[in-house]
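Residues per chain are reported as follows:
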Amino acid sequence: MKYSHAIFVGIASITLLSGCGDRPESWDTPAVVRFDKGLENSFALIDESMHSVHLFSVDESLNLSQVRKNTGKNVVAVMASPQADRLFVLSKGEQPRRKSSDERPALWVYDGSGSGNLLSKYTLSNPLDSIAVDPEGRFVVLYSSGASGSFVTNRNELLVIDTSLPPGDTNPLPRTIRSFGGTPQRLTFTSPLNLPSGQRRLLIIETDQDLSLLDLDHLDRKEVTVRLSNDYKVVPAGVTYTDGVPQRNDDARLAVRTTKENSVFLLTFVPQANASAENDFGLTVNIIGLTSTPSDFAFVNTDGGLRLAMLEAGMRRATLVDPDTTTETQVDMPASFGRISLVTREISDAPAGGSDVAMLWGYEGVAFWSLGKSVGQAYRSIEVLPDIDSSVGNVVSVPAPNQSLKILVPNDAGYGGRRFYVLNLANRTASPLLTSASSLSLTVSADGQRAWFFQRNSREMAVVDLLTMHPQNLVLEQPITSVFDIGRAGGGRAMVALHYQGNMGATVVDAFSPDEASARMHVGLLQGGF
Amino acid sequence: MRALRFVCSSVLTLLVSATAMAQEEQEPTTAPSDSATQELPALEPAPMAEPTTPAPSSAASAAPSATVNASHPAGAIDSRQGYAPPPMSDAVDGPSRDMSRDFWQVHLGVRVGWVTSEGYDPFSENDGFSQVSMGATRAFVLSDSISFAPGLLWEYGNAASKARNAPTELSVHRLGAVAEGRLHLDRDLYVLAKLVPQAVYTGASIEEDSATAVLVRNAWRFGVDATAGAAWNFPRTLGVDDVVPQFWVVGEFGYGWSMNQDLAFSPDVDEDDPRASTTLDLGMLSMRGMMMRISVAMTF
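Residues numbered from 1 in each chain as written. Chains lettered and ligands numbered in written order. Predicted model: local features only at pLDDT ≥ 70, side-chain atom pairs only at ≥ 80, totals over all residues. Heavy atoms only, no water.

Asks: For this particular structure, what's the right way to read the overall build of chain A?
Replies: Along the backbone of chain A there are 1 helix and 42 strands. Expressed along its principal axes, the backbone C-alpha trace of chain A runs to roughly 110 × 60 × 40 Å. Looking at chain A as a whole, 54% of its 530 residues are labelled buried. Counting only contacts in chain A whose residues sit at least 6 apart along the sequence, the fraction spanning at least 24 positions is 43%. Accessible area of chain A: about 22,100 Å², with a carbon and sulfur share of 48%. (Helix = DSSP H or I, 4+ residues; strand = E, 2+ residues; numbered from the N terminus. Buried < 20%, exposed > 50% of the residue type's maximum accessible area, 1.4 Å probe, protein only. Contact = heavy atoms within 4.5 Å. Areas by Shrake-Rupley, 256 points an atom, 1.4 Å probe, with all protein chains shown as cover.)

Asks: Mind showing me how you'd approach a nonpolar patch on the surface here?
Replies: All names here are of chain B. Taken together, Phe 140, Leu 142, Ile 146, Phe 148, Leu 183 and Leu 185 make up a surface patch of nonpolar side chains, about 540 Å² in accessible area. Sorting the residues of the nonpolar patch by element identifies strand 6 (146–163) and strand 7 (166–186) as the ones contributing at least two each. Note on placement: Leu 185 falls in strand 7. (Patch = residues over 30% accessible without salt bridge, like charges linked within 9 Å, V, L, I, M, F, W, Y side chains within 5 Å. Salt bridge = Lys/Arg side-chain N within 4 Å of Asp/Glu carboxyl O.)

Asks: Explain the confidence of the model for chain B here, please?
Replies: The predicted structure's coordinates, where accompanied by low pLDDT, should not be read in detail. Residue and element names in this part refer to chain B. Mean pLDDT for chain B: 76, with 68% of residues reaching 70 or above. Segment residues 1–81: pLDDT under 50, and 73 contacts once partners within four positions in sequence are set aside and those in other chains are kept. Every residue in residues 88–92 scores below 50 in pLDDT, and together they form 8 contacts with partners more than four places removed in sequence or on other chains. With pTM at 0.80, the complex prediction returns an ipTM value of 0.79. (pLDDT = per-residue confidence, 0-100.)

Asks: Would you mind going over the sheet that holds strand 30 (residues 382–384) of chain A with me for this structure?
Replies: Working definition: the strands of a sheet are paired by backbone hydrogen bonds and lie parallel or antiparallel to each other. Residue and element names in this part refer to chain A. As summarised here, the arrangement of the 4 strands in space is 27-28-29-30, forming an open sheet in which the pairing is antiparallel. Lying at the two open borders of the sheet, with one neighbouring strand each, are strand 27 (339–342) and strand 30. Neighbour-to-neighbour, the strand axes of this sheet turn through a mean angle of 25°, independent of strand direction. Strand direction decides the pairing type here: strand 29 (residues 365–370) and strand 30, joined by 3 bridges, are antiparallel. Paired with Ala 367 across the two strands is Val 384, which belongs to strand 30. (Pairing = 2+ DSSP bridges. Axes fitted to C-alpha atoms, helices over the stretch in contact; angles between N-to-C directions.)

Asks: Honestly, a negative patch on the surface in this entry has me stumped. Any pointers?
Replies: A cluster of acidic residues, Asp 268, Asp 270, Glu 271 and Asp 272 of chain B, forms a negative patch at the surface. Structurally, the position occupied by Asp 268 of chain B is in the loop between strand 11 (261–267) and strand 12 (280–285). (Lys, Arg positive; Asp, Glu negative; His and termini not counted. Charge placed at Lys NZ, Arg CZ, Asp CG, Glu CD.)

Asks: Where do I start with the domain arrangement of chain A in this structure?
Replies: Frequently, the measure chosen for interface size is the accessible area removed from exposure when the parts meet. All names here are of chain A. According to the domain assignment, chain A contains domain 1 (189–289) and domain 2 (301–438). Taken over C-alpha atoms, the centre of domain 1 sits 27 Å from the centre of domain 2. Each partner contributes residues to the interface: domain 1 has 10 residues there, and domain 2 has 8 residues. Considering only the surface of domain 1 that becomes buried against domain 2, Arg 253, Leu 266 and Ile 288 emerge as the three largest contributors, covering 54% of it. (Domains from an automatic or database assignment. Buried area = accessible area lost by both parts, 1.4 Å probe.)

Asks: What's the story with the pairing of strand 38 (residues 471–475) of chain A in this structure? I'm lost.
Replies: Along any regular strand the residues' side chains alternate between the sheet's two faces. Residues and elements named next belong to chain A. In terms of strand pairing, strand 37 (residues 460–465) meets strand 38 through 5 bridges, oriented antiparallel. Of the residues in strand 38, the one forming a bridge with Ala 462 is Asn 473. Hairpin connection, strand 37 to strand 38: the antiparallel pair is bridged by 5 residues, and Met 469 has positive phi, about 60°.

Asks: Where do I start with the nonpolar core in this structure?
Replies: Generally speaking, a soluble globular protein has its nonpolar side chains buried in company with each other. Tyr 120, Phe 123, Leu 170, Ile 206, Phe 265 and Met 287 of chain B are the most contacted members of the largest nonpolar core, which totals 23 residues. Every element with two or more residues in this core is listed here: strand 6, strand 7, strand 8 (189–206), strand 11 and strand 12 of chain B. Among all residues touching Phe 123 of chain B, those that are not within four sequence positions of it are Arg 23 of chain A together with Ala 159, Ala 160, Ser 161, Thr 168, Glu 169, Leu 170, Ala 204, Ser 205, Leu 263 and Phe 265 of chain B. Core analysis: the next-biggest nonpolar cluster, separate from the first, contains 18 residues, Leu 193, Leu 213, Leu 254 and Leu 267 of chain A among them. (Core = buried A, V, L, I, M, F, W, Y, C linked by side-chain atoms within 4.5 Å.)

Asks: Can you help me understand the pattern of salt bridges in this one?
Replies: Side chains that differ in sign of charge can pair as their charged atoms come close. All names here are of chain B. Counting across every chain of the model gives 37 salt bridges over all chains. Residue Arg 293 is joined to Asp 225 by a salt bridge in which the shortest nitrogen-to-oxygen separation is 3.2 Å. With Arg 293 in strand 13 (residues 289–299) and Asp 225 in strand 9 (residues 215–232), the pair connects residues that are 68 residues apart, well separated along the chain. The burial state of Arg 293 is the same as that of Asp 225; both residues are buried. Counted as one network, the salt bridges with shared partners bring together Arg 111, Glu 155, Glu 180, Arg 182, Lys 194, Asp 225, Glu 252 and Arg 293.

Below you can see the structure in the form of structure tokens.
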């Protein structure tokens, strides 16, 4: 028996030896993806379980090239730069940190052109969970939404990062805005404003009870805080601003509407009167009374000069206010429109004299408001598009060269006929398109030629040629989660539909000649490669 | 792991049965070893068979001078020339051939390889890859102590795991031609050197949820094993009668090499299916590395 025992031990030893050489743990870690972003020439997936960013680019044969880069642990926000040439990844790092080697919170900046190179990493001392990106791409502001889970959070602290500069002692720069109890709700980066002390870019911070202005060109200076009421019950709901006449430096203005007040706060930038003040501009505040709470507003140029145009929810009228005199002009409307957008640059027949044309949209369709006639002949200034009788929930702009097109996406609630429209501002026509989808998502190509429509978690999608309005329907193999239209290496463009099944899949289609038969299906995007 | 358990249980079953057979044959001889020694004189006529011995004359001439050892009743160790085969005679019961070297051999065993290729990682949590090994050889005696045994070999193994939660499976078949040289050190023991050129079939699959069909990659490649080892007829050493068949335990160690195979998976669909162009590339698989083979061989 001892021989059989020896043999058994031998076999057992072999079995044990055969267990040598464990594989990397990555193979035992399922992919976890919550964030994806389409970029200029690539798209990005964040594999949170592996703490990596995967950037994919498409070649001429619709194959994918993949670059994997390390990123921070516990990613909380991902954004693309406005030009889609960079990717911002905000991570909390390891919390709590037990060792000095444990990763700190950081903002990771990657090249979005396809190389995926890590351009910069801005290390933070405390984790933050919200990110706001400057439309001009220079600044990134990080702040806390209050949901970071930290033991103590200063929600009024903003970390301002100048992404044109490398990380340093003052980059990121922490700024705690003065607070009377409020916390930031929305951030707005202005374009350059011609202020009395010179040209400035401002960061407008709307809290839940007041307003602060931070001079982005002089981040060492204190912010200017505007208290909207003494009892702190006035809650900002939105801002709009104007630089005024380009040749003047005393007519830049800022307007604030609120959630409940029947009024609008009008702030005018003036020279600083207090010599000891840190900032070199001051503000005067006027309050413009209305009969109801404004739902939207915009500064517009009319035949009578600069005006603040305001729409009131449920009211078939608009109000024009002269910011210099606060004189109000009522303009009757044929319907109730809740939203206003300036489309002067996108139309072909803009009024002479620099007056604006506004597009009104919302509850009861769409209308054009020619502000060249608004003061003297208000009744002739409104042109309603009769074909659009449904509630418009969203207006999507189309990039150049088809910037005269707007895609009107209906509200789910007011879904009459499941129609959406491609509005041509040049000839003011609206092409209705029908969809069988119960909810609609869309992606407009950066070259302005196409719009991809899809329903999340459905296999059906369609592309509409924005020149001919020809729709082409596609049925993909897997349910769609996101759609990107990105540039291909070597020219051309490709549509990438992401599938969140398993280790992620993607269907890639030639954007110029979309066809399921020539589509390339890529599976297991995050599989292997460890 | 299922394959490993299967292989282990198969081999253990075989070994236990072989041991049991050996013990069963041993039972009638449970008397003290002296009794075996006492029966030895019955074989003493062996030197008398010299005229019929087909072995080379040098071995034959050495045989008369050899001392018949109690543990090696049918053969002898020549201190100058190594193992000398026993003479063959139709006059005694048993095989007409020298069953210590001139035999057919079939074996069943396990081959364990250490595959360090990264391409193997999706299919196993470690580097071990076990295969059941079956083969047959026929020995041709070249000289007194050296024989050559060509034959055929089939080995099969399977590994299954999960790659990032996607079930994976790898099956490997090896169909090889055996070229085995043996040096007989003793009637119950020989060492061997074996070369097995082979066709290696690998069938890999992954059930990736992002694909609408199972992804597979099957390929034939060329490979070769080079091993050295020893075979021991342990039942006979333990005193089991010289009966047919006889059982050996064979151990080998060496290197198994095979050509690289790409792991460009594609759906298991018809070629004209639009999904056929889908691929998932998991790199290269190299089923090569150090290996050992343990088997139980039956000779007859």
